[in-house]
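# Analysis of the macromolecular model
Residue strings, one per chain:
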Amino acid sequence: MGRQDLRTGKNRIATAVLFLSIVFFEFSVLIPMELRFRTRTLANFLAVGILVLLWLGPVRRRFHVRPKWYFWPMAFMALSYLFTAYQFSVLGYLTIGVALLILYPLLGFLVKDAELTGGETGYLKAVTQAFHLSFYVFLIASLCLAPKLNAEQYSSLLGNPNAVGTYTDSVLIAELYLLHGESKTKGRSFFLHLACFGLAGAILFWSASRSGELAAAAAIGIYALYRLLTAEKKKKILLRFAAGALALLLALPVSYGLLNMLNPPVNRAVLTALEPMEGLHAILSDPKTFEVRSMDIVGKADENADMADALEYSFTRFGKGLFSIGSFTSGRLAIWAVFIENIRFYGHAREEMELHLFTRYYDSVNAHNSYIQAAFSAGLFAGIGLLVFILALCGASLKGLRDAARAGDEEQERKALLLAMVTFAFLMQSFVSYALIPATSTMSLLFWLVVSPTLWKARRK
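Scope of this entry: the structure provided in the associated data block. Since the model is a prediction, treat every value here as computed from it, not as a measurement.

### Observations regarding the pattern of salt bridges
- As enumerated under the stated definition, the model contains four salt bridges in all.
- Where Lys 399 meets Asp 403, a salt bridge forms, and the shortest distance between an N and an O atom there is 3.1 Å. Placement of both Lys 399 and Asp 403 in helix α16 (residues 380–407) is noted, with a separation of four residues, approximately one turn of the helix.
- Given the relative accessible area of 24%, Asp 403 is considered partly exposed.
- The shortest N-O distance in the salt bridge between Glu 411 and Arg 414 comes to 3.9 Å. Here Glu 411 and its partner Arg 414 are both found in helix α17 (residues 410–432), three residues apart, which amounts to about one turn of the helix.
- One continuous salt-bridge network, built from bridges that share partners, spans Lys 399, Arg 402 and Asp 403.

Put into C-alpha coordinates, the structure is as follows:
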(Lines give C-alpha, C1' and ligand atoms only; values in the text may rest on other atoms or scores of the structure.)
Protein backbone atom coordinates (compact mmCIF):
# COMPACT_ATOMS: atom_id res chain seq x y z
CA MET A 1 0.00 0.00 0.00
CA GLY A 2 1.43 3.38 -1.04
CA ARG A 3 1.77 6.47 1.11
CA GLN A 4 -1.13 8.15 -0.68
CA ASP A 5 -3.38 5.15 0.06
CA LEU A 6 -2.40 5.29 3.73
CA ARG A 7 -3.28 8.98 3.90
CA THR A 8 -6.61 8.40 2.14
CA GLY A 9 -7.53 5.58 4.52
CA LYS A 10 -6.53 7.67 7.53
CA ASN A 11 -8.65 10.60 6.38
CA ARG A 12 -11.66 8.35 5.82
CA ILE A 13 -11.32 6.93 9.33
CA ALA A 14 -11.00 10.47 10.72
CA THR A 15 -14.16 11.51 8.83
CA ALA A 16 -16.06 8.50 10.18
CA VAL A 17 -14.92 9.11 13.77
CA LEU A 18 -15.87 12.79 13.71
CA PHE A 19 -19.14 12.02 11.94
CA LEU A 20 -20.11 9.59 14.71
CA SER A 21 -19.07 12.13 17.34
CA ILE A 22 -21.26 14.86 15.83
CA VAL A 23 -24.22 12.52 15.36
CA PHE A 24 -23.87 11.42 18.98
CA PHE A 25 -24.06 15.09 19.97
CA GLU A 26 -27.23 15.52 17.89
CA PHE A 27 -28.96 12.68 19.76
CA SER A 28 -27.42 13.33 23.17
CA VAL A 29 -30.54 15.26 24.23
CA LEU A 30 -32.06 11.81 24.79
CA ILE A 31 -29.51 11.17 27.56
CA PRO A 32 -30.68 12.10 31.08
CA MET A 33 -29.62 15.63 32.01
CA GLU A 34 -27.39 14.57 34.91
CA LEU A 35 -25.32 12.32 32.62
CA ARG A 36 -25.30 14.48 29.48
CA PHE A 37 -22.14 16.56 30.06
CA ARG A 38 -20.07 13.54 31.11
CA THR A 39 -21.12 11.41 28.17
CA ARG A 40 -20.61 14.25 25.69
CA THR A 41 -17.15 14.92 27.13
CA LEU A 42 -16.22 11.25 27.06
CA ALA A 43 -17.35 10.94 23.44
CA ASN A 44 -15.41 14.07 22.48
CA PHE A 45 -12.23 12.90 24.22
CA LEU A 46 -12.54 9.49 22.58
CA ALA A 47 -12.97 10.96 19.10
CA VAL A 48 -10.06 13.41 19.40
CA GLY A 49 -7.93 10.69 21.02
CA ILE A 50 -8.48 8.47 17.96
CA LEU A 51 -7.45 11.37 15.70
CA VAL A 52 -4.27 11.79 17.75
CA LEU A 53 -3.46 8.10 17.27
CA LEU A 54 -4.19 8.32 13.54
CA TRP A 55 -1.75 11.19 13.04
CA LEU A 56 0.78 9.80 15.50
CA GLY A 57 1.88 6.99 13.22
CA PRO A 58 3.15 8.80 10.11
CA VAL A 59 5.18 11.45 12.03
CA ARG A 60 8.63 11.81 10.47
CA ARG A 61 9.64 15.12 12.07
CA ARG A 62 10.52 16.81 8.79
CA PHE A 63 9.89 20.10 10.55
CA HIS A 64 11.03 21.85 13.64
CA VAL A 65 7.57 22.51 15.15
CA ARG A 66 7.27 25.27 17.74
CA PRO A 67 4.26 26.98 19.35
CA LYS A 68 3.22 30.39 18.07
CA TRP A 69 3.14 33.21 20.58
CA TYR A 70 -0.63 33.22 20.93
CA PHE A 71 -0.49 29.61 22.11
CA TRP A 72 0.73 30.87 25.48
CA PRO A 73 -2.30 33.00 26.53
CA MET A 74 -4.51 30.05 25.59
CA ALA A 75 -2.29 27.72 27.62
CA PHE A 76 -2.44 30.10 30.57
CA MET A 77 -6.23 30.07 30.38
CA ALA A 78 -6.23 26.25 30.34
CA LEU A 79 -3.83 26.15 33.31
CA SER A 80 -6.19 28.48 35.17
CA TYR A 81 -9.00 25.98 34.66
CA LEU A 82 -6.77 23.16 35.91
CA PHE A 83 -5.81 25.17 38.99
CA THR A 84 -9.47 25.98 39.71
CA ALA A 85 -10.39 22.32 39.17
CA TYR A 86 -7.81 21.34 41.79
CA GLN A 87 -8.90 24.09 44.17
CA PHE A 88 -12.63 23.28 44.06
CA SER A 89 -12.55 19.62 42.85
CA VAL A 90 -14.65 20.36 39.75
CA LEU A 91 -14.52 17.67 37.06
CA GLY A 92 -15.85 20.01 34.35
CA TYR A 93 -12.98 22.45 34.83
CA LEU A 94 -10.51 19.56 34.68
CA THR A 95 -11.86 18.40 31.32
CA ILE A 96 -11.68 21.93 29.88
CA GLY A 97 -8.08 22.33 31.04
CA VAL A 98 -6.97 18.93 29.73
CA ALA A 99 -8.73 19.40 26.39
CA LEU A 100 -7.33 22.88 25.69
CA LEU A 101 -3.85 22.42 27.19
CA ILE A 102 -3.07 18.88 26.03
CA LEU A 103 -5.54 17.11 23.75
CA TYR A 104 -6.26 19.66 21.00
CA PRO A 105 -2.74 21.21 20.98
CA LEU A 106 -1.26 17.69 20.66
CA LEU A 107 -3.56 16.93 17.75
CA GLY A 108 -2.57 20.22 16.10
CA PHE A 109 1.13 19.49 16.64
CA LEU A 110 0.87 16.11 14.91
CA VAL A 111 -1.16 17.49 12.02
CA LYS A 112 1.27 20.38 11.54
CA ASP A 113 4.18 17.94 11.59
CA ALA A 114 2.55 16.00 8.76
CA GLU A 115 1.99 19.14 6.67
CA LEU A 116 4.80 18.44 4.18
CA THR A 117 3.03 15.33 2.83
CA GLY A 118 -0.38 16.97 2.65
CA GLY A 119 -1.47 15.74 6.05
CA GLU A 120 -3.05 19.00 7.14
CA THR A 121 -4.98 19.35 3.90
CA GLY A 122 -6.49 15.90 4.28
CA TYR A 123 -7.24 16.61 7.92
CA LEU A 124 -9.30 19.72 7.17
CA LYS A 125 -11.19 17.89 4.43
CA ALA A 126 -11.98 15.11 6.93
CA VAL A 127 -13.24 17.61 9.51
CA THR A 128 -15.51 19.51 7.13
CA GLN A 129 -16.74 16.34 5.39
CA ALA A 130 -17.83 14.96 8.77
CA PHE A 131 -20.01 18.01 9.39
CA HIS A 132 -21.41 17.74 5.87
CA LEU A 133 -22.37 14.07 6.32
CA SER A 134 -23.82 14.68 9.78
CA PHE A 135 -26.22 17.20 8.26
CA TYR A 136 -28.00 14.40 6.37
CA VAL A 137 -28.63 12.63 9.68
CA PHE A 138 -29.83 15.91 11.19
CA LEU A 139 -32.33 16.41 8.34
CA ILE A 140 -33.66 12.87 8.67
CA ALA A 141 -33.98 13.19 12.46
CA SER A 142 -35.69 16.56 12.09
CA LEU A 143 -38.21 15.03 9.70
CA CYS A 144 -38.86 11.80 11.59
CA LEU A 145 -38.32 12.46 15.30
CA ALA A 146 -38.24 16.17 16.13
CA PRO A 147 -41.15 18.53 16.80
CA LYS A 148 -42.55 20.11 13.67
CA LEU A 149 -41.61 23.62 12.57
CA ASN A 150 -44.14 26.24 13.71
CA ALA A 151 -44.28 30.02 13.98
CA GLU A 152 -41.78 29.92 16.85
CA GLN A 153 -38.06 29.30 17.34
CA TYR A 154 -37.23 25.95 15.75
CA SER A 155 -35.32 23.54 18.01
CA SER A 156 -35.35 20.31 15.99
CA LEU A 157 -34.06 17.41 18.10
CA LEU A 158 -31.43 19.56 19.83
CA GLY A 159 -33.91 20.97 22.34
CA ASN A 160 -32.74 24.56 22.06
CA PRO A 161 -32.88 27.00 19.11
CA ASN A 162 -29.42 28.37 19.91
CA ALA A 163 -28.04 24.81 19.68
CA VAL A 164 -29.62 24.62 16.22
CA GLY A 165 -27.97 27.97 15.46
CA THR A 166 -24.47 26.83 16.43
CA TYR A 167 -24.86 23.55 14.57
CA THR A 168 -26.09 25.13 11.34
CA ASP A 169 -23.29 27.71 11.60
CA SER A 170 -20.80 24.84 11.62
CA VAL A 171 -22.46 23.20 8.62
CA LEU A 172 -22.58 26.48 6.67
CA ILE A 173 -18.84 27.01 7.17
CA ALA A 174 -18.04 23.41 6.25
CA GLU A 175 -20.17 23.67 3.10
CA LEU A 176 -18.46 26.91 2.05
CA TYR A 177 -15.05 25.28 2.47
CA LEU A 178 -16.11 22.25 0.44
CA LEU A 179 -17.87 24.41 -2.17
CA HIS A 180 -14.68 26.43 -2.62
CA GLY A 181 -12.86 23.23 -3.52
CA GLU A 182 -15.60 22.10 -5.92
CA SER A 183 -16.27 25.47 -7.53
CA LYS A 184 -14.27 24.66 -10.67
CA THR A 185 -15.78 21.24 -11.32
CA LYS A 186 -19.51 22.04 -11.00
CA GLY A 187 -20.14 18.31 -10.65
CA ARG A 188 -22.62 16.43 -8.48
CA SER A 189 -20.66 17.23 -5.30
CA PHE A 190 -20.87 20.94 -6.02
CA PHE A 191 -24.67 20.91 -6.22
CA LEU A 192 -24.97 18.68 -3.14
CA HIS A 193 -22.89 21.12 -1.10
CA LEU A 194 -24.84 24.05 -2.52
CA ALA A 195 -28.15 22.40 -1.54
CA CYS A 196 -26.86 21.66 1.98
CA PHE A 197 -25.63 25.25 2.28
CA GLY A 198 -29.11 26.51 1.41
CA LEU A 199 -30.92 24.11 3.74
CA ALA A 200 -28.57 24.84 6.66
CA GLY A 201 -29.11 28.57 6.15
CA ALA A 202 -32.88 28.09 5.97
CA ILE A 203 -32.99 26.04 9.19
CA LEU A 204 -30.80 28.65 10.88
CA PHE A 205 -33.37 31.26 9.84
CA TRP A 206 -36.26 29.15 11.21
CA SER A 207 -34.40 28.76 14.51
CA ALA A 208 -34.48 32.57 14.88
CA SER A 209 -31.23 32.26 16.84
CA ARG A 210 -29.76 35.75 16.64
CA SER A 211 -26.38 34.63 17.94
CA GLY A 212 -26.32 31.96 15.24
CA GLU A 213 -27.36 34.43 12.55
CA LEU A 214 -24.69 36.93 13.60
CA ALA A 215 -22.02 34.23 13.53
CA ALA A 216 -23.16 33.05 10.08
CA ALA A 217 -23.15 36.64 8.81
CA ALA A 218 -19.55 37.05 10.04
CA ALA A 219 -18.37 33.84 8.34
CA ILE A 220 -20.18 34.45 5.06
CA GLY A 221 -19.15 38.12 5.10
CA ILE A 222 -15.47 37.22 5.48
CA TYR A 223 -15.72 34.71 2.64
CA ALA A 224 -17.61 37.08 0.31
CA LEU A 225 -15.36 40.06 1.00
CA TYR A 226 -12.19 38.08 0.35
CA ARG A 227 -13.54 36.63 -2.88
CA LEU A 228 -14.67 40.02 -4.15
CA LEU A 229 -11.38 41.70 -3.33
CA THR A 230 -9.16 39.01 -4.84
CA ALA A 231 -11.18 37.79 -7.85
CA GLU A 232 -9.96 38.80 -11.29
CA LYS A 233 -13.36 38.11 -12.80
CA LYS A 234 -15.84 39.89 -10.54
CA LYS A 235 -18.84 38.92 -12.67
CA LYS A 236 -18.10 35.21 -12.22
CA ILE A 237 -17.88 35.61 -8.46
CA LEU A 238 -21.13 37.58 -8.34
CA LEU A 239 -22.86 34.78 -10.26
CA ARG A 240 -21.64 32.28 -7.66
CA PHE A 241 -22.94 34.51 -4.89
CA ALA A 242 -26.27 34.67 -6.71
CA ALA A 243 -26.32 30.85 -6.85
CA GLY A 244 -25.79 30.69 -3.09
CA ALA A 245 -28.54 33.25 -2.45
CA LEU A 246 -30.90 31.38 -4.75
CA ALA A 247 -30.15 28.10 -2.95
CA LEU A 248 -31.04 29.76 0.35
CA LEU A 249 -34.27 31.27 -0.99
CA LEU A 250 -35.40 27.97 -2.51
CA ALA A 251 -34.49 26.13 0.69
CA LEU A 252 -36.92 28.22 2.76
CA PRO A 253 -40.14 26.76 1.25
CA VAL A 254 -38.54 23.32 0.80
CA SER A 255 -37.48 23.11 4.46
CA TYR A 256 -40.83 24.46 5.61
CA GLY A 257 -42.63 21.81 3.57
CA LEU A 258 -40.44 19.04 5.00
CA LEU A 259 -40.47 20.17 8.64
CA ASN A 260 -44.02 21.54 8.90
CA MET A 261 -46.21 19.67 6.41
CA LEU A 262 -44.44 16.33 5.99
CA ASN A 263 -43.13 16.05 9.55
CA PRO A 264 -46.42 15.22 11.41
CA PRO A 265 -47.46 12.14 9.39
CA VAL A 266 -43.88 10.83 9.20
CA ASN A 267 -43.43 11.51 12.91
CA ARG A 268 -46.61 9.64 13.82
CA ALA A 269 -45.59 6.69 11.63
CA VAL A 270 -42.16 6.52 13.29
CA LEU A 271 -43.66 6.70 16.79
CA THR A 272 -46.14 3.95 15.90
CA ALA A 273 -43.30 1.76 14.63
CA LEU A 274 -41.36 2.39 17.85
CA GLU A 275 -44.24 1.47 20.17
CA PRO A 276 -42.76 -2.00 20.89
CA MET A 277 -39.58 -0.25 22.13
CA GLU A 278 -41.29 1.19 25.19
CA GLY A 279 -38.36 3.17 26.61
CA LEU A 280 -37.46 4.96 23.39
CA HIS A 281 -41.10 5.53 22.51
CA ALA A 282 -41.72 7.14 25.90
CA ILE A 283 -38.75 9.49 25.47
CA LEU A 284 -39.87 10.62 22.02
CA SER A 285 -43.57 10.97 22.78
CA ASP A 286 -43.48 12.49 26.28
CA PRO A 287 -41.99 16.01 26.30
CA LYS A 288 -41.35 15.85 30.06
CA THR A 289 -38.91 12.98 29.56
CA PHE A 290 -36.63 15.21 27.51
CA GLU A 291 -36.08 17.58 30.44
CA VAL A 292 -35.55 20.28 27.81
CA ARG A 293 -37.85 23.12 26.83
CA SER A 294 -39.85 23.00 23.59
CA MET A 295 -39.40 19.25 23.00
CA ASP A 296 -43.13 18.87 22.42
CA ILE A 297 -43.75 16.47 19.57
CA VAL A 298 -46.64 18.56 18.23
CA GLY A 299 -45.12 21.98 18.88
CA LYS A 300 -46.47 24.64 21.18
CA ALA A 301 -47.42 27.39 18.72
CA ASP A 302 -50.66 27.90 16.83
CA GLU A 303 -51.25 24.76 14.75
CA ASN A 304 -53.00 26.88 12.12
CA ALA A 305 -49.92 29.03 11.50
CA ASP A 306 -48.63 28.96 7.93
CA MET A 307 -45.31 29.80 6.28
CA ALA A 308 -46.12 33.51 6.23
CA ASP A 309 -46.58 33.44 10.02
CA ALA A 310 -43.28 31.57 10.47
CA LEU A 311 -41.48 34.09 8.25
CA GLU A 312 -42.99 36.99 10.16
CA TYR A 313 -41.98 35.45 13.49
CA SER A 314 -38.34 34.91 12.44
CA PHE A 315 -38.01 38.41 10.98
CA THR A 316 -39.70 40.00 13.99
CA ARG A 317 -37.51 38.16 16.48
CA PHE A 318 -34.31 39.20 14.73
CA GLY A 319 -35.34 42.84 14.98
CA LYS A 320 -36.78 42.55 18.49
CA GLY A 321 -35.73 45.54 20.55
CA LEU A 322 -33.47 46.88 17.81
CA PHE A 323 -33.91 50.36 19.24
CA SER A 324 -33.87 49.11 22.84
CA ILE A 325 -30.58 47.34 23.42
CA GLY A 326 -31.64 45.71 26.68
CA SER A 327 -34.40 43.87 24.85
CA PHE A 328 -32.25 43.18 21.81
CA THR A 329 -29.69 41.38 23.96
CA SER A 330 -32.42 39.34 25.71
CA GLY A 331 -31.24 40.40 29.14
CA ARG A 332 -27.58 39.63 28.51
CA LEU A 333 -26.37 43.10 29.55
CA ALA A 334 -27.88 42.65 33.01
CA ILE A 335 -26.48 39.11 33.28
CA TRP A 336 -23.02 40.30 32.21
CA ALA A 337 -23.08 43.07 34.83
CA VAL A 338 -23.82 40.62 37.66
CA PHE A 339 -21.14 38.16 36.57
CA ILE A 340 -18.54 40.94 36.13
CA GLU A 341 -19.25 42.15 39.66
CA ASN A 342 -18.41 38.66 40.95
CA ILE A 343 -15.18 38.08 39.01
CA ARG A 344 -12.17 37.45 41.22
CA PHE A 345 -8.59 36.22 40.76
CA TYR A 346 -9.17 32.56 41.67
CA GLY A 347 -12.53 31.64 40.11
CA HIS A 348 -15.63 29.92 41.48
CA ALA A 349 -16.70 26.37 42.19
CA ARG A 350 -19.86 26.71 40.03
CA GLU A 351 -20.12 28.16 36.54
CA GLU A 352 -23.77 29.15 36.96
CA MET A 353 -25.48 31.63 39.23
CA GLU A 354 -28.99 32.03 40.60
CA LEU A 355 -30.29 35.40 39.46
CA HIS A 356 -33.38 37.57 39.92
CA LEU A 357 -33.39 40.14 37.11
CA PHE A 358 -36.36 42.43 36.66
CA THR A 359 -39.34 40.11 36.19
CA ARG A 360 -37.25 37.05 35.32
CA TYR A 361 -35.85 34.38 37.62
CA TYR A 362 -32.94 32.13 36.66
CA ASP A 363 -32.33 29.19 38.95
CA SER A 364 -29.09 28.42 37.10
CA VAL A 365 -27.67 30.65 34.34
CA ASN A 366 -24.23 31.08 32.80
CA ALA A 367 -22.71 34.39 31.73
CA HIS A 368 -23.77 34.11 28.07
CA ASN A 369 -20.31 35.44 27.20
CA SER A 370 -17.27 33.17 26.94
CA TYR A 371 -14.76 35.77 28.17
CA ILE A 372 -16.78 36.85 31.19
CA GLN A 373 -17.58 33.20 31.91
CA ALA A 374 -13.89 32.17 31.76
CA ALA A 375 -12.97 35.06 34.07
CA PHE A 376 -15.77 34.13 36.48
CA SER A 377 -15.14 30.38 36.42
CA ALA A 378 -11.33 30.17 36.35
CA GLY A 379 -10.25 33.63 37.48
CA LEU A 380 -9.69 37.06 35.95
CA PHE A 381 -6.56 36.12 34.02
CA ALA A 382 -8.29 33.17 32.36
CA GLY A 383 -10.76 35.58 30.76
CA ILE A 384 -7.95 37.92 29.72
CA GLY A 385 -5.98 34.99 28.29
CA LEU A 386 -8.95 33.84 26.21
CA LEU A 387 -9.62 37.36 24.91
CA VAL A 388 -5.95 37.91 23.93
CA PHE A 389 -5.88 34.51 22.24
CA ILE A 390 -9.02 35.13 20.15
CA LEU A 391 -8.01 38.66 19.13
CA ALA A 392 -4.53 37.44 18.15
CA LEU A 393 -6.10 34.62 16.16
CA CYS A 394 -8.34 37.10 14.33
CA GLY A 395 -5.25 39.07 13.34
CA ALA A 396 -3.40 35.91 12.31
CA SER A 397 -6.33 34.72 10.18
CA LEU A 398 -6.52 38.05 8.33
CA LYS A 399 -2.75 37.93 7.77
CA GLY A 400 -3.20 34.39 6.45
CA LEU A 401 -5.76 35.66 3.91
CA ARG A 402 -3.37 38.41 2.82
CA ASP A 403 -0.51 35.95 2.39
CA ALA A 404 -2.72 33.52 0.48
CA ALA A 405 -3.85 36.27 -1.91
CA ARG A 406 -0.24 37.27 -2.56
CA ALA A 407 0.96 33.69 -3.04
CA GLY A 408 -1.84 32.74 -5.40
CA ASP A 409 -1.84 29.21 -3.99
CA GLU A 410 -5.33 27.69 -4.10
CA GLU A 411 -4.83 25.22 -1.23
CA GLN A 412 -3.29 27.89 0.99
CA GLU A 413 -6.28 30.09 0.16
CA ARG A 414 -8.79 27.38 1.18
CA LYS A 415 -7.08 26.82 4.53
CA ALA A 416 -6.85 30.55 5.20
CA LEU A 417 -10.52 31.08 4.35
CA LEU A 418 -11.60 28.23 6.63
CA LEU A 419 -9.54 29.56 9.53
CA ALA A 420 -10.89 33.10 9.06
CA MET A 421 -14.53 31.97 8.78
CA VAL A 422 -14.28 29.76 11.85
CA THR A 423 -12.43 32.39 13.89
CA PHE A 424 -14.79 35.28 13.22
CA ALA A 425 -17.90 33.11 13.60
CA PHE A 426 -16.55 31.89 16.95
CA LEU A 427 -15.77 35.49 17.92
CA MET A 428 -19.41 36.44 17.41
CA GLN A 429 -20.71 33.34 19.18
CA SER A 430 -18.33 33.72 22.12
CA PHE A 431 -19.48 37.29 22.84
CA VAL A 432 -23.13 36.32 23.26
CA SER A 433 -22.90 32.73 24.52
CA TYR A 434 -20.69 30.34 26.44
CA ALA A 435 -19.13 28.61 23.43
CA LEU A 436 -15.76 27.55 24.83
CA ILE A 437 -16.21 23.80 25.41
CA PRO A 438 -15.86 21.51 22.34
CA ALA A 439 -18.00 18.78 23.94
CA THR A 440 -21.06 21.02 24.38
CA SER A 441 -21.03 23.17 21.22
CA THR A 442 -20.57 22.04 17.63
CA MET A 443 -19.29 25.52 16.72
CA SER A 444 -16.65 25.19 19.43
CA LEU A 445 -15.78 21.69 18.20
CA LEU A 446 -15.24 22.93 14.64
CA PHE A 447 -13.27 25.92 15.93
CA TRP A 448 -10.79 23.91 18.01
CA LEU A 449 -10.38 21.24 15.33
CA VAL A 450 -9.53 23.85 12.68
CA VAL A 451 -7.46 26.11 14.96
CA SER A 452 -5.32 23.43 16.62
CA PRO A 453 -2.79 23.09 13.74
CA THR A 454 -2.43 26.89 13.54
CA LEU A 455 -1.15 26.99 17.13
CA TRP A 456 2.16 25.74 15.75
CA LYS A 457 4.73 27.05 13.30
CA ALA A 458 7.02 24.80 11.35
CA ARG A 459 10.23 25.14 9.36
CA ARG A 460 12.26 22.55 7.50
CA LYS A 461 15.13 20.87 9.30
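### Structural notes on the side chain of Gln 153
- In this fold, Gln 153 is placed in the loop between α5 (119–144) and α6 (161–182).
- Engagement of the side chain of Gln 153 in a polar contact is seen with the backbone oxygen of Ser 207, the distance being 3.2 Å.
- Only 3.2 Å separates the side chain of Gln 153 from the backbone oxygen of Ala 208, close enough to count as a polar contact.
- Ignoring anything within four residues of it in the chain, the contact list for Gln 153 reads Pro 161, Trp 206, Ser 207, Ala 208, Ser 209, Tyr 313 and Arg 317.

### Let's talk about helix α4 (residues 91–113)
- When the terminal C-alpha atoms of α4 are compared, their 32 Å separation across 23 residues agrees well with the 33 Å that a helix rising 1.5 Å per residue should span.
- At Ala 99, α4 is bent by approximately 45°, the largest bend along its length.
- Most of α4 sits inside the fold, with 17 of its 23 residues counted as buried.

Conventions adopted
- Residues numbered from 1 in each chain as written.
- Predicted model: local features only at pLDDT ≥ 70, side-chain atom pairs only at ≥ 80, totals over all residues.
- Heavy atoms only, no water.
- Salt bridge = Lys/Arg side-chain N within 4 Å of Asp/Glu carboxyl O.
- Helix = DSSP H or I, 4+ residues; strand = E, 2+ residues; numbered from the N terminus.
- Buried < 20%, exposed > 50% of the residue type's maximum accessible area, 1.4 Å probe, protein only.
- Polar contact = N/O pair within 3.5 Å; in protein donor to acceptor, adjacent residues only side chain to side chain.
- Contact = heavy atoms within 4.5 Å.
- Expected span 1.5 Å × (residues − 1).
- Bend = angle between axes of the 7 residues up to and from the residue.

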